[in-house]
Amino acid sequence: MKYTISLFLVNLIPIILVIISYKIWKKYGKDYDVVDTIEFYPPDNLNSLELAYILKGKVSKKDVISLLIYLASKGYIKIIEDGKSYTILKQKEYDGNNPYEEIFFNNLFSNGKYSSKYDTIQVTTKDLFNKFYQTISEIKHKISSEKRSFVYEKTFFKSLSILIFIMITLITIVVIPRITYFGFYQLSSTLKPVLSLCLLYFIFFMVKFPYYIKVFLNIFLFITTMISDHCFNIEKILINNSAYLYSFIFGIICIIIMFILLDSMIKRSKYNSELLGKVYGFKRFLEHAEKPRIEALIEQDPNYFYKIMPYVYVLNVSDKWIKKFEKISYQMPDWFNYLVDNDLKRIINIIDELLNIKKL
């Protein structure tokens, strides 16, 4: 009778906890539907860095450096080609209210020198070499720490509850069979690896690793602990009782399912999901816009091409976007002193160089 009850509990508890975990995920972890809406301009006046973070939930060096072109298109910066180097001129003081743009702009000219030739502060890419990376790191850290709560809803305690269910399931499939067969005799030999593993699960849950790394580490620890401790010291039970073996395997499957649900508990906020739909729509427009629509936008704003350029780079659609302008007449930028008049490919190559300067 006790074996029947024990076996019933070993199967029932994991399935109940999986169902509860699924309901928690469905209510608090499942993302809202994202609906694309065609956008001709970046949504909500986002700069290129913010748009990249909204899209990916993180930013790269290239995303941060795209602010150079963004600030130039806003009239704060002028770029002059000087052989194999570039000189960046301060056109005016930054008067906006965006903290990332302000840090970028101020640090860009923090070691600048006055140029009598241009009657303003200037800095060269050589001056920034192996120095400006500190500013890039600062901005990456700042936007990640400040915007995370804007992009994602807080699901810590809901996620923690699923982690607790994983621990309970592990204890259930290991401890109940052990007690059923051997009573409480030397139970510590089984509890020790199980509780140690639960503690490691919790530690990896708390540290700021990406979720997929946490899941991998937790599963890896589970397998290595199970092997090193001979299936948590219940190896003989599993070998001699096929019903417990199947229940143990079923419990492991339940644990894996709960880990997958735990991994999916990062949920975008409702507003951010709406904003993401606009970003997708903006990207889709850049990829598939037809010539008449682009010409109409350029007629309304002759600088449209270069205002959009930093977004084109962070969205990785530069080749498609540039190709659309090969047979379209548009105004060249007044913030760039180029050597070859009306040579689009030359200017684009230079912008690409600026966005990919090593150790900038």
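Residues numbered from 1 in each chain as written. Predicted model: local features only at pLDDT ≥ 70, side-chain atom pairs only at ≥ 80, totals over all residues. Heavy atoms only, no water.

Trainee: Tell me what's going on with the overall build of the chain, and back it up with residues and numbers.
Mentor: When you go through the chain residue by residue, the secondary structure sums to 17 helices and five strands. For the chain, contacts bridging at least 24 residues in sequence account for 76% of all contacts bridging at least 6. Here the chain displays about 19000 Å² of accessible surface, and carbon together with sulfur accounts for 57% of that area. (Helix = DSSP H or I, 4+ residues; strand = E, 2+ residues; numbered from the N terminus. Contact = heavy atoms within 4.5 Å. Areas by Shrake-Rupley, 256 points an atom, 1.4 Å probe, with all protein chains shown as cover.)

Trainee: How would you sum up the environment of Ser189? Please name residues and give values.
Mentor: Structurally, Ser189 is set in helix H8 (residues 188-206). Look at Ser189 and you get partly exposed, because its relative accessible area is 30%. Along the chain, Ser189 and Asp229 lie 40 residues apart, while their C-alpha atoms are 9.1 Å from each other. (Buried < 20%, exposed > 50% of the residue type's maximum accessible area, 1.4 Å probe, protein only.)

Trainee: Run through helix H6 (residues 133-151), naming residues and quoting values.
Mentor: In an α-helix, one turn spans 3.6 residues, which is why side chains three or four residues apart end up on the same side. The terminal C-alpha atoms of H6 lie 25 Å apart, and with 19 residues this matches the ideal 27 Å at 1.5 Å per residue to within 8%. A maximum bend of about 30° is found in H6 at Ser145. For H6, the full list of buried residues reads Thr135, Ile136, Ile139, Ile143 and Val151. (Expected span 1.5 Å × (residues − 1). Bend = angle between axes of the 7 residues up to and from the residue.)

Trainee: So what about the environment of Ser228? Which residues, and what values?
Mentor: Examined against the element boundaries, Ser228 turns out to sit in helix H9 (residues 211-228). As a C-alpha pair, Ser228 and Pro193 span 35 residues in sequence and 9.5 Å in three-dimensional space.

Trainee: An account of the packing of helix H2 (residues 48-56) against helix H15 (residues 304-314) is needed here, citing residue identities and associated values.
Mentor: Taken N-terminus to C-terminus, the directions of H2 and H15 make an angle of 30°; their axes are 9 Å apart at the nearest point. On the basis of the axis angle, H2 is roughly parallel to H15. The hand of the H2/H15 crossing is right-handed. Counted together, Ser48, Leu51 and Ala52 of H2 and Pro310, Tyr311 and Val314 of H15 form the full contact between these two elements. Taken together, the residues that form the contact of H2 with H15 break down as five nonpolar, one polar and no charged. (Axes fitted to C-alpha atoms, helices over the stretch in contact; angles between N-to-C directions. Parallel < 35°, antiparallel > 145°, perpendicular 65-115°, else oblique. Left-handed = near helix turned anticlockwise from the far one by under 90°. Nonpolar A, V, L, I, M, F, W, Y, C, P; charged D, E, K, R; others polar.)

Trainee: Summarise the side chain of Asp63; cite the residues concerned and give the values.
Mentor: Examined against the element boundaries, Asp63 turns out to sit in helix H3 (residues 61-73). Overall, Asp63 belongs to the buried group, its relative accessible area being 2%. Polar contacts involving the side chain of Asp63 include one to the main-chain amide nitrogen of Ser60, which spans 2.9 Å. Filtering out sequence-adjacent residues up to four positions away, Asp63 remains in contact with Leu49, Ala52, Lys56, Lys58 and Val314. (Polar contact = N/O pair within 3.5 Å; in protein donor to acceptor, adjacent residues only side chain to side chain.)

Trainee: Give a detailed account of the packing of H3 against helix H4 (residues 99-108), specifying residues and quantitative values.
Mentor: Contact geometry of H3 with H4 gives a least axis separation of 10 Å together with a crossing angle of 85°. Comparing their axes, H4 and H3 come out roughly perpendicular. Taking contact as the criterion, the partners of Val64, Ile65, Leu67, Leu68, Tyr70 and Leu71 in H3 are, on H4, Tyr100, Glu101, Phe104, Phe105 and Leu108. Split into classes, the residues belonging to the contact of H3 with H4 amount to 10 nonpolar, no polar and one charged.

Trainee: Give a detailed account of the pairing of strand S2 (residues 85-90), specifying residues and quantitative values.
Mentor: Across the six residues that make up S2, a large majority, six, are buried. What you see with S2 is no split at all: Ser85, Thr87 and Leu89 on one side and Tyr86, Ile88 and Lys90 on the other are buried throughout. Both S2 and strand S4 (residues 120-124) contribute to a ladder of three bridges, which runs antiparallel. By the bridge assignment, Leu89 is partnered in S4 with Gln122. (Pairing = 2+ DSSP bridges.)

Trainee: Could you give an account of the pairing of S4, with specific residues and numbers?
Mentor: Both strand S3 (residues 113-115) and S4 contribute to a ladder of three bridges, which runs antiparallel. Residue pairing across strands places Lys113 opposite Gln122, the latter belonging to S4. In this structure, the hairpin formed by S3 and S4 is closed by a connection of four residues, where Asp119 is found at a positive phi of approximately 55°.

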